[in-house]
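# Understanding the architecture of this molecule
Each chain is listed here by its residues.
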Amino acid sequence: MTAQIIKGTEIRDQILEEIAADVKEIKEKHNVVPGLVTILVGEDPASMSYVTAKIKTAKELGFHEIQDTQPVDISEEDLLGLVDKYNKDDSINGILVQLPLPKGIDDKKVLNAIDPDKDVDGFHPVNVGRLMIGGDEIKFPPCTPAGIQEMIVRAGVETSGAEVVVVGRSNIVGKPIANLMLQKGDGANSTVTIVHTRTKNMDEHCKRADILIVAAGVAGLVKPEWIKPGACVIDVGVNRVGEKPSKKNPDRMVAILKGDVDFDEAKEIAGYITPVPGGVGPMTITMLMRNTLRSLKFKLGI
Ligand code: GUN
């Protein structure tokens with residue numbers, strides 16, 4: 001059996017179309033568009049490229065967007081002042097502070113300073129609490145987990161009563177996706193297990209999974225024999241395992257990316273699988289846009 005490939009790029013395009021239609025309608029009825037600010041401190045190349053992609057997508061959707069780049073030596077106090085400025089700015093519905101922040105700045109303090117009603121990353125403790133409570137309490141599901149759930153649902157995979165095994169317990173992916181999948185409601189109602197570095201017999205847990213979500217950050221951690229035949233495998237890992245000449249410009253080297261699952265072998269066992277790259281990755285920015293739109297809709301009461 002060869003698995004159905006769940007393509008993040010295709011699902012992204014569908015959702016961006018839905019968002020663009022909503023933005024157009026809100027603009028016509030309320031004369032306002034969603035506003036997103038991304039705050040980048042320093043010049044880390046990976047962070048710069050993520051932020052550029054986020055702002056480009058926001059612009060294409062017709063959002064009001066601001067890319068606020070600050071020097072690497074900005075003080076914590078000044079950064080907190082900047083967050084406060086955007087908290088008070090009526091044209092801004094979403095504030096994203098790109099992580100990691102430079103040493104010497106307490107990222108917890110900065111994230112906690114964002115108005116929870118503009119925290120489109122969903123990292124503020126208030127939003128983490130809302131996620132735990134579930135249902136209508138959830139305002140801003142964190143972007144990568146929200147994207148994963150959307151992919152599972154749009155692929156038509158049954159989640160109710162499904163055994164979901166999550167590999168990895170990070171605050172950004174593992175813990176929130178486990179929380180989303182165990183909630184009451186459509187696209188959830190699953191029985192969830194989280195496994196991590198201290199778990200005994202990780203393979204035995206994975207073999208039970210109807211839906212296996214792997215976010216460990218270790219290339220090839222999950223072996224093909226750990227996958228239950230027909231299971232849905234969501235690979236969140238993006239591991240740089242080397243370099244190769246770019247297809248567009250062979251003089252330039254680009255990273256070779258591998259997931260936490262060996263795709264070629266796993267696709268012969270799984271029923272559904274996400275590729276790396278082109279799987280979960282494109283969904284994160286998409287969900288950031290959706291959260292920013294949600295923020296504006298909450299404000300307008302629509
Ligand atoms: N750095 C890497 N991923 C993320 C993310 O999802 N949000 C923020 N704010 N920073 C990141």
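Here's a quick rundown of the structure. (Residues numbered from 1 in each chain as written. Predicted model: local features only at pLDDT ≥ 70, side-chain atom pairs only at ≥ 80, totals over all residues. Heavy atoms only, no water.)

### Examining the site of the ligand
- The local shell around the ligand consists of Leu96, Val97, Gln98, Leu99, Asp121 and Phe123.
- Contacts to the ligand include Val97, whose backbone N or O atom sits 2.8 Å from a nitrogen atom.
- Leu99 places a main-chain nitrogen or oxygen 2.9 Å from a nitrogen atom of the ligand.
- Isolated, the ligand exposes 280 Å² of accessible area, and the fraction of that covered by the protein chains is 79%.
- Considering only residue class, the shell around the ligand consists of four nonpolar, one polar and one charged. (Near = heavy atom within 4 Å. Polar contact = N/O pair within 3.5 Å; in protein donor to acceptor, adjacent residues only side chain to side chain. Areas by Shrake-Rupley, 256 points an atom, 1.4 Å probe, with all protein chains shown as cover. Nonpolar A, V, L, I, M, F, W, Y, C, P; charged D, E, K, R; others polar.)

### Examining the sheet that holds strand β4 (residues 94-97)
- Read from one edge of the open sheet, three strands run β3-β2-β4, paired in parallel fashion. In this open sheet, the two edge strands, each paired with only one partner strand, are β3 (64-70) and β4. Sheet twist, expressed as the average angle between the axes of neighbouring strands with direction ignored, equals 15 degrees.
- In this sheet, β3 lies alongside strand β2 (residues 35-41) in parallel orientation, the contact comprising seven bridges. Opposite Gly35, over in β3, you have His64 as the bridge partner.
- Here helix α10 (residues 281-300) sits on the sheet in contact with β2 and β4, set at roughly 130 degrees to β2. (Pairing = 2+ DSSP bridges. Helix = DSSP H or I, 4+ residues; strand = E, 2+ residues; numbered from the N terminus. Axes fitted to C-alpha atoms, helices over the stretch in contact; angles between N-to-C directions. Contact = heavy atoms within 4.5 Å.)

### Some details on the side chain of Glu150
- Mapped onto the elements of the fold, Glu150 is located in helix α6 (residues 143-154).
- At 2.7 Å, the side chain of Glu150 forms a polar contact with the side chain of Arg154.
- Polar contacts involving the side chain of Glu150 include one to the side chain of Arg290, which spans 3.1 Å.
- Other than its neighbours up to four places away in sequence, Glu150 contacts Ile15, Met283, Met287 and Arg290.

### Section: the environment of Glu60
- With respect to the helices and strands, the residue Glu60 is situated in helix α2 (residues 45-60).
- The sequence separation of Glu60 and Ala20 amounts to 40 residues, and the corresponding C-alpha distance is 8.7 Å.

### Some details on the pattern of salt bridges
- Taken as a whole and judged by the stated rule, the model has 18 salt bridges.
- A salt bridge links Arg12 to Asp13; its shortest N-O distance comes to 3.1 Å.
- Taking the relative accessible area as the measure of exposure, Arg12 reaches 27% and is therefore partly exposed.
- Exposure remark for Asp13: the relative accessible area of 40% places this residue in the partly exposed category.
- Asp22 serves as the salt-bridge partner of Lys297, at 2.6 Å between the closest nitrogen and oxygen. With Lys297 in helix α10 and Asp22 in helix α1 (residues 8-30), this residue pair connects regions lying 275 residues apart in the sequence.
- On the accessibility criterion, Lys297 (25% relative accessible area) is partly exposed.
- Where salt bridges share partners, they join Glu18, Glu150, Arg154 and Arg290 into one cluster. (Salt bridge = Lys/Arg side-chain N within 4 Å of Asp/Glu carboxyl O. Buried < 20%, exposed > 50% of the residue type's maximum accessible area, 1.4 Å probe, protein only.)

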